[in-house]
Amino acid sequence: ADEEAFPIHAGNIHERRRAASVARAFPLLLFLAVTLLSVLGAARWIDLLLGICAFFNLGLCAVMSLTGVCCLLGTARLSAELASADSDRATGAALAAGVAHLILLPSYKEDEEMLAMTLTSLVEAQGSAGFHVVLAMEYREGQDGTEKAERLQERFCDCFARVTVTSHPPDLVECHIDGSRGDEVPGKASNVKWALHQVYKLYDIEDATSSEDDVMLTVADADVIFHPQYFARVGAEFAALRDGRDRRSAPHAHLWNMWQAPQLPFRNFHCMPLCSRLWAYVASTYEFGGISSLLLGDAHLTFSTYSLPLELALRARAHEGDVIAEDHHAFLRCFLYSVRASALHLDPFEEEPVGGGRPPAAQVASDASLVAAAATAGRGTRPARLLRLRPIFLPVKATSVVSESGGLQSWVDRWQQAKRHAQGMAELSYLALATYDMIRLLPLRLITPDLWRAFAQLFGRLLYIHILPACQFAAMAVLLVRFVCSGFCLPECAADELSGHPGRWALCALAGTWMPAWPVFLPTFFIWLSNVLFVAASFLGPRQAAGEARGSKTSWHSEDAGVRPGICGRRWTLAMQILFDLAVVGGPVTAFYGIFPALLALWSVFRRGNRFEYVTATKAMGDRAHASSASERGLLDADTDG
């Protein structure tokens, strides 16, 4: 009964109940509220419009600048961790005992050599002989996909404990807790769900470890290169939590954790078009800053490539088939599962396994006995801890959108990727629905201040990603219309009107009436400096060290983003390239690929939820693909240019 009671984590925005419809509309309603208030201010109360613009300008500048500061702090930690990891590799540090790794690589029309490079990086990882690797293919890729997977399986089968191939079939359905059903959305989320379900049935995990809760699941993109020590570090932290807990710890506290490394999409930097480079700068700053902020107690969400205990993924049913932003959704679902366990003082890991990917049946909406037990003082149970995201400062190297057709097609593909990323706004709707279910199902006395604070942090993170830029754009657009309609001036902010009114002067200045672009000046500086530092630390530095220590380089160390040495060296060439991109053309291109997909997503999520055509983008390596293949064989010459 405990597994079925209070399923606050199991809601779905595609359910037929009215609350799900309202949750889908939640992001759009926020945006419309800001827009309507701005229009009202422009028409009747100009101070209201100025105040809204000032609020969003200041908020955008402050949050982005703080993210940049976190990036700078994190870069110092990253450099230290990389040095420590290389030392561990050189000394052959022992692997964590009793921890097995299951690695899922979902793929659809990925280049075979790209997948081979990812698998090669896994072969070079410490302890790779014990890895269970899953090539999660799509049936809709056809015979070409099947043959590609079979070739890769044969090529790498002797390198790991097991290489399994799964094929995600079309026309599957997702079952919801209200009894409704809907078609799966083709994409990474549904593929991962199917692969995990198949692997759970096929694998005998007992062959690798003493218990099911000692298996770490890693979900990775098909184009990533792992640091050789990534899995050893994750396993060591997991084992330390498992073996070092004391009597004051919550039961199975080690299972309430997920791990995230910075993912830096600069592998094909040398051939990336401008639109992809700008996305890489902004996305890397946001994600790296978010991971670094975990050191200061802030919240962040998993993205793209992450690790979690297999038992947690199965219990929380972390992966659903009708989701686009699979990474964010998996974290939120596991987090909400921990909220339920914490509020009700449950230890779900003491129950019988639920099985991999089993469709949820109609679940119990309330259980008075659980509430009474949770509220009873001295019942002797310790509440489960809330899910914690743990940073791993060993970057995962990835690629950005580059079409093999080149030119205009890369810009089109980047637009498709931007629209898909903007669909992550649906996770704000999912969190809103879960919050409503928590308030509706759980007595308020069981919802602690720590729970409210955790929810507030996650709402703030999602609002920052998806809503803040769109609302700031809407408010400034209304201010621009008011400026034009007033004869290209704002009489309320004229010099004679501001004399002796410092408050109004500050309001007009913050609203951007004289310099609309001021909110991006300081963030742009931090984006530039952060990218220069962590690209140099993660790509240029390791490549130079690998060149000086011949015979010890790995795929990860050999990836140097293809930065060409200029007159002043590669670091200065990199710095000048990023500065030019951001300062000269960054604003318009970033706004186009950031704001307009978000506006489309507001309507799309409201009307269709995650019913979205998942269009994959090509991530070609250019001439670096051949160089990378050569580096696997140790044929690259040493590079001593810093």
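Details of the structure are given in the entry above.
Per-chain numbering applies: the sequence of each chain, read as written, is numbered from 1 onward. Side-chain atom pairs in this predicted model are given and counted only at pLDDT of 80 or more, local residue features only at pLDDT of at least 70, and totals for whole chains, interfaces and linings cover all residues. The side-chain quantities take in all heavy atoms of the structure and omit both hydrogens and water.

Engineer: Would you mind showing me how to read the sheet that holds strand S6 (residues 215–219) here?
Structural biologist: By way of backbone hydrogen bonds, the strands of a sheet pair with one another, either parallel or antiparallel. Whether two strands pair comes down to DSSP finding at least two bridges between them. Only DSSP runs of H or I reaching four residues or more are called helices, and only runs of E reaching two or more are called strands; each is numbered from the N terminus. With respect to topology, seven strands assemble into an open sheet ordered S3-S2-S1-S6-S9-S7-S10, the strand pairing being mixed. What marks the edges here is a single partner per strand, and that holds for strand S3 (162–168) and strand S10 (388–391). On average, adjacent strands in this sheet sit at an angle of 25° to one another, irrespective of strand direction. As paired strands, S6 and strand S9 (residues 306–309) are joined by four bridges and run antiparallel to one another. The residue of S9 that forms the bridge with valine 219 is tyrosine 306. Any two residues whose heavy atoms approach within 4.5 Å are treated as being in contact. Between N-to-C directions, angles cover 0 to 180 degrees, with each direction set by a line fitted to C-alpha atoms, over the stretch in contact for helices. Relative to the sheet, helix H6 (residues 230–244) contacts strand S1 (100–106), S6, strand S7 (257–260), S9 and S10, its axis offset from that of S7 by approximately 160°.

Engineer: I would appreciate a short explanation of the packing of aromatic side chains in the present structure.
Structural biologist: The geometry of two aromatic rings is summed up by the distance between their centres and the angle between their planes. Note on aromatic contacts: the rings of Phe and Tyr and the six-membered ring of Trp form a pair at centre separations within 6.5 Å, being stacked when their planes are under 30 degrees apart, edge-to-face when over 60 apart, and tilted otherwise. All told, the structure shown has 26 aromatic pairs when counted by the stated rule. Ring centres of phenylalanine 55 and phenylalanine 56 lie 5.1 Å apart, and the angle between their planes is 80°; this geometry places the pair in the edge-to-face category. Throughout, exposure labels follow a simple rule: accessible area from a 1.4 Å probe, protein chains only, divided by the maximum for the residue type, with under 20% read as buried, over 50% as exposed, and the rest as partly exposed. Take phenylalanine 56: its relative accessible area is 12%, and that puts it in the buried class. Residues phenylalanine 473 and phenylalanine 596 carry aromatic rings whose centres are separated by 6.0 Å and whose planes lie at 70° to one another, so their mutual orientation is edge-to-face. One end of the pair, phenylalanine 473, is in helix H14 (residues 468–485); the other, phenylalanine 596, is in helix H19 (residues 570–608), with 123 residues separating them in the sequence. For phenylalanine 473, a relative accessible area of 33% translates into the label partly exposed. An aromatic cluster of three or more residues is present, and its members are Trp411, Trp415, Phe473, Phe592, Tyr593 and Phe596. Any Lys NZ or Arg CZ found within 6 Å of a ring centre and within 35 degrees of that ring's normal is scored as a charge over the ring. Sitting over the face of the ring of tryptophan 45, arginine 44 holds its NZ or CZ atom 5.3 Å from the ring centroid.

Engineer: Can you help me understand the state of the cysteines in this one?
Structural biologist: By disulfide we mean two sulfur atoms from cysteines, separated by a distance within 2.5 Å. Applying the stated criterion across every chain yields a total of one disulfide. Covalent S-S linkage joins cysteine 493 and cysteine 508, the inter-sulfur distance amounting to 2.0 Å. Across the S-S bond linking cysteine 493 and cysteine 508, the dihedral sits near -80°, which makes this disulfide left-handed. Taken together, the residues span a long stretch of sequence, with cysteine 493 in the loop between H14 and helix H15 (495–498) and cysteine 508 in helix H16 (residues 502–510) at a distance of 15 residues. A single burial state applies to cysteine 493 and to cysteine 508, both of which are buried. Free cysteine cysteine 70: the closest other cysteine sulfur is in cysteine 71, separated by 7.5 Å.

Engineer: Help me understand the pairing of S9 in this model?
Structural biologist: Burial along S9 is two-sided: Tyr306 and Leu308 facing one way and Ser307 and Pro309 facing the other are all buried. Two elements, S7 and S9, share two bridges in a ladder whose sense is antiparallel. Looking at the pairing, glutamine 260 lines up with tyrosine 306 of S9.

Engineer: Is there a simple way to think about the side chain of serine 190 in this case?
Structural biologist: Secondary-structure assignment places serine 190 in helix H5 (residues 188–202). Note on serine 190: relative accessible area 0%, which makes it buried. Once residues within four sequence positions are removed from consideration, serine 190 is found in contact with His168, Glu184, Val185, Glu320 and Gly321.

Engineer: Is there a simple way to think about the environment of alanine 80 in this case?
Structural biologist: Here alanine 80 is to be found in helix H2 (residues 46–91). Placed 313 residues apart in sequence, alanine 80 and phenylalanine 393 show a C-alpha to C-alpha distance of 8.9 Å.

Engineer: I would appreciate a short explanation of the packing of helix H1 (residues 18–43) against H19 in the present structure.
Structural biologist: Think of two packed helices as two axes; the pair is described by the angle between the axes and how far apart they sit. Contact geometry for H1 and H19: axes closest at 7 Å, N-to-C directions at 140°. In terms of orientation, H1 and H19 fall into the oblique class. Along this stretch, H1 crosses H19, giving a crossing that reads as left-handed. Of H19, the residues touching H1 (which contributes Arg24, Ala25, Pro27, Leu28 and Phe31) are Leu599, Leu602, Trp603, Val605 and Phe606. When grouped by side-chain class, the residues that make up the contact of H1 with H19 number nine nonpolar, no polar and one charged. Roughly parallel means an angle under 35 degrees; roughly antiparallel means over 145; roughly perpendicular covers 65 to 115; every other angle is labelled oblique. For any helix crossing, the convention is left-handed if the near helix is rotated counterclockwise from the far helix by under a right angle, and right-handed if that rotation is clockwise. Each residue gets one label: Ala, Val, Leu, Ile, Met, Phe, Trp, Tyr, Cys and Pro are nonpolar, Asp, Glu, Lys and Arg are charged, and the others, such as Gly, are polar.

Engineer: Looking at this model, I keep getting lost on the nonpolar core. Mind explaining?
Structural biologist: Soluble globular proteins tend to pack their nonpolar side chains together in the buried interior. Throughout, nonpolar core names a set of buried Ala, Val, Leu, Ile, Met, Phe, Trp, Tyr and Cys residues whose side chains join them through atoms within 4.5 Å. Counting residues in hydrophobic clusters, the biggest one holds 95 residues, and the most contacted among them are Leu102, Leu217, Met258, Leu312, Phe331 and Phe335. Top element by residues in this core is helix H9 (residues 326–343). It accounts for 10 residues. Grouped together as the second largest cluster of nonpolar side chains are 78 residues, Leu152, Val163, Trp259 and Ala620 included.

Engineer: How should a nonpolar patch on the surface be read in this particular structure?
Structural biologist: A cluster of nonpolar side chains, namely Trp505, Trp514, Met515, Val520 and Phe521, defines an oily patch on the protein surface of about 540 Å² accessible area. Here phenylalanine 521 lies in helix H17 (residues 521–548). Patches draw on residues past 30% relative accessible area with no salt bridge. Two like charges within 9 Å are joined, as are two nonpolar side chains (Val, Leu, Ile, Met, Phe, Trp, Tyr) within 5 Å. Computed with the Shrake-Rupley method and a 1.4 Å probe, the accessible areas treat only the protein chains shown as cover for residues. Just to be clear on terms, a salt bridge is a Lys or Arg side-chain nitrogen sitting within 4 Å of an Asp or Glu carboxyl oxygen.

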